[in-house]
Amino acid sequence: MAGETFHAAGDAAGLAAMIARAAEQTGGKARGLPPVERWNPPFCGDLDMEIRADGTWFYLGTPIGRPALVRLFSTVLRKDEDGRTYLVTPVEKVGIRVEDAPFLAVEMTVSRRDAAPVLTFRTNVGDLVEAGPDHPLRFVTQGEEGRLKPYLLVRGRLEALVSRAVMYDLIAEGEIVAVDGRAMFALRSGGAIFPVMPADELDRLSQ
């Protein structure tokens, strides 16, 4: 069925069945996330589902208004080496569209561990993620104005875009550090250093 697309007329029953199968594998919060990285089901086509840049999930062009349903779908998301994002169960894999990142970081707290800072983020689907070696931050600049977009690795290849409001709090934690002999504006968390941009570039943008 590779290359085929699920059509709106017959999607409702299949989507409900997928939810049920995913729920069986998820088994509730106590059992944690399902092991989607270990599943290798056949590709069954593309689903008319999209995650917009603001974190809103759409199905058949309509926002999914049930947070519990969005959370359930988020637990069976996987981004493969081909760069595409899929909903994965033990028996099927379907492609969905992602406008930017599949998750949105909507809250950040700052704590200290062994006198070192730890940045913990909450995503729009309820994940709590500590930035560190296993969950790095990366920074992208876009456009002539150099708009900064921070991303946090949540799991696998799935990232969260740090929301604009949280980004200001994040940048407020930055400092100038030497990285490979160059002064960089960077963030520290969980014992790792995440360069944002050269210090002289930050000075230029601040003028």
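Preceding block: the structure.
Residues numbered from 1 in each chain as written. Predicted model: local features only at pLDDT ≥ 70, side-chain atom pairs only at ≥ 80, totals over all residues. Heavy atoms only, no water.

### What to know about the overall build of the protein chain
Next, step 1: Secondary structure assignment for the protein chain yields four helices and 15 strands.
Next, step 2: Split into buried and exposed, the 207 residues of the protein chain put 43% on the buried side.
Next, step 3: Here the contacts in the protein chain between residues at least 6 apart in sequence split such that 51% fall between residues at least 24 apart.
Next, step 4: Here the protein chain displays about 11,100 Å² of accessible surface, and carbon together with sulfur accounts for 51% of that area. (Helix = DSSP H or I, 4+ residues; strand = E, 2+ residues; numbered from the N terminus. Buried < 20%, exposed > 50% of the residue type's maximum accessible area, 1.4 Å probe, protein only. Contact = heavy atoms within 4.5 Å. Areas by Shrake-Rupley, 256 points an atom, 1.4 Å probe, with all protein chains shown as cover.)

### With respect to the sheet that holds strand 8 (residues 116–123)
Next, step 1: With mixed pairing, the six strands of this open sheet are ordered in space as 9-8-7-12-11-10. Two strands in the sheet have a free side with no partner beyond their single neighbour: strand 9 (128–130) and strand 10 (137–142). Put simply, the sheet's adjacent strands are angled 40° from each other on average, direction ignored.
Next, step 2: Here strand 11 (residues 147–155) runs beside strand 12 (residues 158–162); their pairing, made up of four bridges, is antiparallel. Bridge pairing links Leu152 to Ala160 in strand 12. (Pairing = 2+ DSSP bridges. Axes fitted to C-alpha atoms, helices over the stretch in contact; angles between N-to-C directions.)

### Observations regarding the packing of aromatic side chains
Here a ring pair, both rings aromatic, is described through the centre-centre distance and the interplanar angle of the planes.
Next, step 1: Within the structure shown, the criterion is met by two aromatic pairs.
Next, step 2: Taken together, a centroid distance of 6.3 Å and an interplanar angle of 15° make the contact between Trp57 and Phe73 stacked. Pair noted here: Trp57 is in strand 2 (residues 57–59) and Phe73 is in helix 2 (residues 67–75), with a separation of 16 residues, a long-range link. Considered together, Trp57 and Phe73 belong to a single accessibility category, that of buried residues.
Next, step 3: In this structure, Arg52 is placed above the aromatic ring of Phe58, and the distance from its NZ or CZ to the ring centre is 3.8 Å.
Next, step 4: Here the guanidinium or amino end of Lys93 rests over the ring plane of Tyr86, the centre of that ring lying 4.4 Å away. (Phe/Tyr/Trp six-rings, centres within 6.5 Å; stacked < 30°, edge-to-face > 60°. Lys NZ or Arg CZ within 6 Å of the ring centre and 35° of its normal.)

### Some details on the pattern of salt bridges
Next, step 1: A complete count under the given rule lists 15 salt bridges for this structure.
Next, step 2: Between Arg84 and Asp46 there is a salt bridge; the shortest N-O distance is 2.6 Å. One end of the pair, Arg84, is in the loop between strand 4 (77–79) and strand 5 (85–88); the other, Asp46, is in strand 1 (residues 43–51), with 38 residues separating them in the sequence.
Next, step 3: Look at the salt bridges and you will find they share partners, linking Asp48, Glu50, Arg52 and Arg97 into a network. (Salt bridge = Lys/Arg side-chain N within 4 Å of Asp/Glu carboxyl O.)

### What about the sheet that holds strand 1?
Next, step 1: One open sheet accounts for six strands, arranged 3-2-1-6-5-4; its pairing is mixed. Edge positions in the open sheet fall to strand 3 (62–63) and strand 4, since each of these has one partner strand only.
Next, step 2: In this sheet, strand 3 lies alongside strand 2 in antiparallel orientation, the contact comprising two bridges. Following the sheet pairing, Phe58 is matched in strand 3 by Pro63.

### A closer look at helix 3 (residues 164–171)
Next, step 1: The set of residues buried in helix 3 consists of Val166, Met167 and Leu170. Across the axial projection of helix 3, the buried residues extend over an arc of 105°, all falling on one side. Away from its buried face by more than 90 degrees, helix 3 exposes Ala165 and Tyr168.
Next, step 2: Taken together, the buried residues of helix 3 touch strand 7 (103–113), strand 8, strand 10, strand 11, strand 12 and strand 14 (182–189). (Arc of directions from axis to C-beta.)

### Section: the side chain of Thr85
Next, step 1: Counting through the fold element by element, Thr85 comes out in strand 5.
Next, step 2: Relative accessible area serves as the criterion here: at 6%, Thr85 is assigned to the buried category.
Next, step 3: Beyond its immediate stretch of four places on either side in the chain, Thr85 contacts Leu77, Arg78, Lys79, Val94, Gly95, Ile96, Val98 and Leu158.

### Topic: the environment of Phe139
Next, step 1: Considering the arrangement of structural elements, one finds Phe139 in strand 10.
Next, step 2: Distance from Phe139 to Lys149, taken between C-alpha atoms, is 5.7 Å for residues ten residues apart in sequence.
Next, step 3: Beyond its immediate stretch of four places on either side in the chain, Phe139 contacts Leu148, Lys149, Pro150, Leu170, Leu187, Phe194, Pro195 and Val196.

By themselves, these figures tell us nothing about what the structure is for.
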